[in-house]
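Breakdown of the fold
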Amino acid sequence: MFKLSKLVVVTAVVAVSSFSYTAPVSAEDQLAVSICEYIAADDKNRLRSKLKSSRVKIRNIYDAVQCNGNNLLRHAVASNAVDTGEYIVKNLSKSALADGADISWVEGNFASSPLIAVIKERAGL
C-alpha cells in the first residue's frame, strides 16, 4: 500500500511540473528586453538605472543588442524617444557615429527627427 501512495504522489508531482514548466530566460535576454522597453517608453531615468545596476555601458552593448531589428539608437528614433536617444548618443563614442550609417538611416526614414542634429554634433559631421 505504501508503494502505491508513493507512486501516486510522484505521478502527481511530475504531472504538475510538466504543466507549470516555462523555458528559462537568461539574464542577458531579460536585460536586453528591459533596455528596449525603456527606450521605447522614452524613460531615460529607468534606462540609466537599469544599466547602472547591471554594470553595463551603452557603448559596450550598442552593437550586440537589437530592438525590433534595429540598434539602440535607431530604435530610439523609430520610437520617437528623444530623451533616451540623446542619452544614447552622448554615451557612444564619436567613432561609433562617424561612419554616418545611423545618420543616413535617420535622414532617410525619419527626416524630421530632432535627434539628427544631436547625432551630427556628436559625430562631428
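For the structure, check the block above.
All values derive from a computational prediction rather than experimental measurement.

What to know about the pattern of salt bridges
- In total, this model carries two salt bridges according to the counting rule given.
- The salt bridge partner of arginine 74 is aspartate 102, with a shortest N-O separation of 2.9 Å. With arginine 74 in helix H5 (residues 72-78) and aspartate 102 in helix H8 (residues 101-109), this residue pair connects regions lying 28 residues apart in the sequence. Each of the two residues, arginine 74 as well as aspartate 102, counts as buried.
- Between lysine 120 and glutamate 107 there is a salt bridge whose closest N-O contact spans 2.9 Å. Linking lysine 120 in helix H9 (residues 115-123) with glutamate 107 in helix H8, this pair joins segments that are 13 residues apart in sequence.

As for the packing of helix H6 (residues 82-91) against H9
- As a packed pair, H6 and H9 sit with axes 10 Å apart at the nearest point and diverge in direction by 10 degrees. By the angle between their directions, the pair H6 and H9 is classed as roughly parallel. Here Val82, Gly85, Glu86, Val89 and Lys90 of H6 lie close against H9, whose contacting residues are Leu115, Val118, Ile119 and Arg122.
- Residue composition of the contact of H6 with H9, by class: five nonpolar, one polar and three charged.

Side note on the nonpolar core
- Counting 31 residues, the largest nonpolar core has Ile35, Leu72, Ile88 and Ile119 as the members making the most contacts within it.
- Within the residue set of this core, elements represented by two or more residues are helix H2 (27-40), helix H3 (44-54), helix H4 (58-61), H5, H6, H8 and H9.
- No other element matches the six residues that H2 contributes to this core.
- Setting aside chain neighbours within four positions, we find isoleucine 88 in contact with Ile39, Ile58, Tyr62, Leu72, Leu73 and Ala76.

Here is what the cut-offs are and how they apply
Residues numbered from 1 in each chain as written. Predicted model: local features only at pLDDT ≥ 70, side-chain atom pairs only at ≥ 80, totals over all residues. Heavy atoms only, no water. Salt bridge = Lys/Arg side-chain N within 4 Å of Asp/Glu carboxyl O. Helix = DSSP H or I, 4+ residues; strand = E, 2+ residues; numbered from the N terminus. Buried < 20%, exposed > 50% of the residue type's maximum accessible area, 1.4 Å probe, protein only. Axes fitted to C-alpha atoms, helices over the stretch in contact; angles between N-to-C directions. Parallel < 35°, antiparallel > 145°, perpendicular 65-115°, else oblique. Contact = heavy atoms within 4.5 Å. Nonpolar A, V, L, I, M, F, W, Y, C, P; charged D, E, K, R; others polar. Core = buried A, V, L, I, M, F, W, Y, C linked by side-chain atoms within 4.5 Å.

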